[in-house]
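Single-letter residue listing:
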Amino acid sequence: RNWRSTMQKDIIGAIVMTKYNNKTYRIDDIAWEKHPELTFVMTNGNTKQYIQYYLEQYQLRVTDLKQPLLMVNPKKRDERRGQTEPIYLLPEFCTLTGLSDNARQDFNLMKAVAVHTRIGPEQRQTRLLDFLRQLRRNQTVCDELAKWNLDLQDTLVPIPGRKLDQEEVKMLHRGNDVNLNFKQDEADWSRDMRGKQMRLSVDLNKWVVLASRMDKDKAQNLIQTLNRVSPPMGMQVRAPLLLELQNSRTESYIQTLRESVNRDIQMVVCILPSNKKDLYDAIKKFCCIDCPVPSQ
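Residues numbered from 1 in each chain as written. Predicted model: local features only at pLDDT ≥ 70, side-chain atom pairs only at ≥ 80, totals over all residues. Heavy atoms only, no water.

Here's the deal with the overall build of the chain
Looking only at helices and strands, one finds 11 helices and 13 strands in the chain. Relative to the globule expectation of 19 Å for 296 residues, the C-alpha radius of gyration of the chain, 26 Å, shows a markedly less compact shape. In terms of overall dimensions, the chain has C-alpha extents of about 75 × 60 × 40 Å along its principal axes. Classification of the 296 residues of the chain by burial places 26% in the buried group. Across the chain, every contact between residues at least 6 apart in sequence was considered, and the portion connecting residues at least 24 apart equals 58%. (Helix = DSSP H or I, 4+ residues; strand = E, 2+ residues; numbered from the N terminus. Rg over C-alpha atoms; globule rule 2.2 N^0.38 Å. Buried < 20%, exposed > 50% of the residue type's maximum accessible area, 1.4 Å probe, protein only. Contact = heavy atoms within 4.5 Å.)

Observations regarding the side chain of Ser 295
Tracing the chain through its elements places Ser 295 in the segment after α11 (277-290). Overall, Ser 295 belongs to the buried group, its relative accessible area being 17%. One polar contact links Ser 295 to Lys 284, side chain to side chain, over a distance of 3.0 Å. Among residues more than four places away in sequence, those in contact with Ser 295 are Val 268, Lys 284 and Cys 287. (Polar contact = N/O pair within 3.5 Å; in protein donor to acceptor, adjacent residues only side chain to side chain.)

What about the pairing of strand β11 (residues 207-212)?
In the case of a regular strand, side chains alternate between the two sheet surfaces. The element β11 is largely enclosed, with a buried count of six among its six residues. The alternating pattern of β11 places Trp 207, Val 209 and Ala 211 and Val 208, Leu 210 and Ser 212 on opposite faces, both of which are buried. Pairing between β11 and strand β13 (residues 267-271): five bridges, direction parallel. Bridging from a neighbouring strand, Ala 211 pairs with Ile 271 of β13. Note that β11 and strand β12 (residues 241-245) share five bridges and pair parallel. Counted as the bridge partner of Ala 211 is Glu 244 from β12. At this point the chain moves from β11, through helix α9 (residues 216-229), to the parallel β12, and the crossover so formed is right-handed. (Pairing = 2+ DSSP bridges. Right-handed = clockwise from strand over helix to strand, strands pointing away.)

Comments concerning helix α5 (residues 107-117)
The buried fraction of α5 is low, at one of 11 residues. With a side-chain oxygen positioned 3.2 Å from the backbone nitrogen of Asn 108, the residue opening α5 is Asp 106.

A few points about the nonpolar core
Membership of the largest hydrophobic core comes to 20 residues, with the highest contact counts inside it found for Ile 27, Tyr 50, Leu 70, Leu 89 and Leu 90. Secondary-structure elements contributing two or more residues to this core are β3 (29-31), α2 (50-58), β6 (69-72) and β7 (87-89). Looking at this core element by element, the count peaks at four residues for β6. Once residues within four sequence positions are removed from consideration, Leu 70 is found in contact with Ile 11, Ile 27, Asp 29, Ile 30, Ile 87, Tyr 88, Leu 89, Pro 91 and Cys 94. If you look at the next biggest cluster of nonpolar residues, it comprises 16 residues, including Leu 243, Leu 257, Val 268 and Cys 287. (Core = buried A, V, L, I, M, F, W, Y, C linked by side-chain atoms within 4.5 Å.)

A look at the sheet that holds β11
One open sheet holds the three strands; their spatial order is β12-β11-β13, and the pairing between them is parallel. Looking at the sheet topology across the chains shown, the edges are occupied by β12 and β13. On average, adjacent strands in this sheet sit at an angle of 15° to one another, irrespective of strand direction. Taken strand by strand, α9 contacts β11, β12 and β13, and its axis lies near 150° from that of β11. (Axes fitted to C-alpha atoms, helices over the stretch in contact; angles between N-to-C directions.)

Some remarks on the packing of aromatic side chains
Under the defined criterion, the tally for this structure stands at nine aromatic pairs. Plain terms: the ring middles of Phe 40 and Tyr 50 are 4.8 Å apart, the flat faces sit at 25° to each other, and that makes the pair stacked. Of this pair, Phe 40 sits in strand β4 (residues 39-41) while Tyr 50 sits in helix α2; the two residues are 10 residues apart in sequence, bridging distant segments of the chain. Each member of the pair, Phe 40 together with Tyr 50, is buried. A network of ring pairs unites the aromatic residues Tyr 20, Phe 40, Tyr 50, Tyr 53, Tyr 54, Tyr 58 and Phe 93 as a single cluster. (Phe/Tyr/Trp six-rings, centres within 6.5 Å; stacked < 30°, edge-to-face > 60°.)

Here's the deal with unusual backbone geometry
Even without being glycine, Gln 59 reaches a positive phi, approximately 55°. Residue Asn 149 is not a glycine yet carries a positive backbone phi of 60°. Relative to the helices and strands, Asn 149 is located in the loop between α7 (139-147) and β9 (170-173). Taking the relative accessible area as the measure of exposure, Asn 149 reaches 72% and is therefore exposed.

The following block contains the structure:
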């Protein structure tokens, strides 16, 4: 049971790419009761086994007949073309995209990735100019552009801009106004905020925290951290109403919010087990439209 919960936490909300047509899907659930030997209804009304379909359509042979299927809810555009039932994918033919939570927590890995993703303006410009030169030297590309009477410049388009003056961030230190000293290019003043108070703060007296049973410890750690860091900033955070959910289904979160949120509640904090978009959207809709309350 524990490994199922762990797998759901890692897979639900993740985006996968299918090996046979390179399409991407966001996983909404894992259908543990389904397997590749089951049949499904095709668009022409006929039924066919998953193993038979993949073999005939993509010449792919299923090797694991006991694997559960990944469920994807149809999008609005799918519903418009008549796809109202969930789409089921075989994990064997899917590849995870992006980085997992464990990978993001690996400092050395993220540092290595940042070398290629977080490059400065000069380096980015150099790479773009190199790319332009490669295109201009490629005769096939030139011939294709010539058909449309197009040509690529060998320089980037200059855009005039202006640099804004550094904003002043004021806080209190021993009762006196102080300006925070921070590097404008980094736009990070969190380090200089330590030991200083906000000039005007609102105490958090009545708030609600929602978490599933598996995330209860994380919720308690969050509450303890807020209690520790808020007093030095001149803000009091009282103990919240901590509500433990038996599962992480969307309806469980919404029903609990309906029962616990009223006009006196200052804020709602929901600990989510994954980056499942439909759960996030449902909570935000409730907290912004159905019962307006600050939420995180």
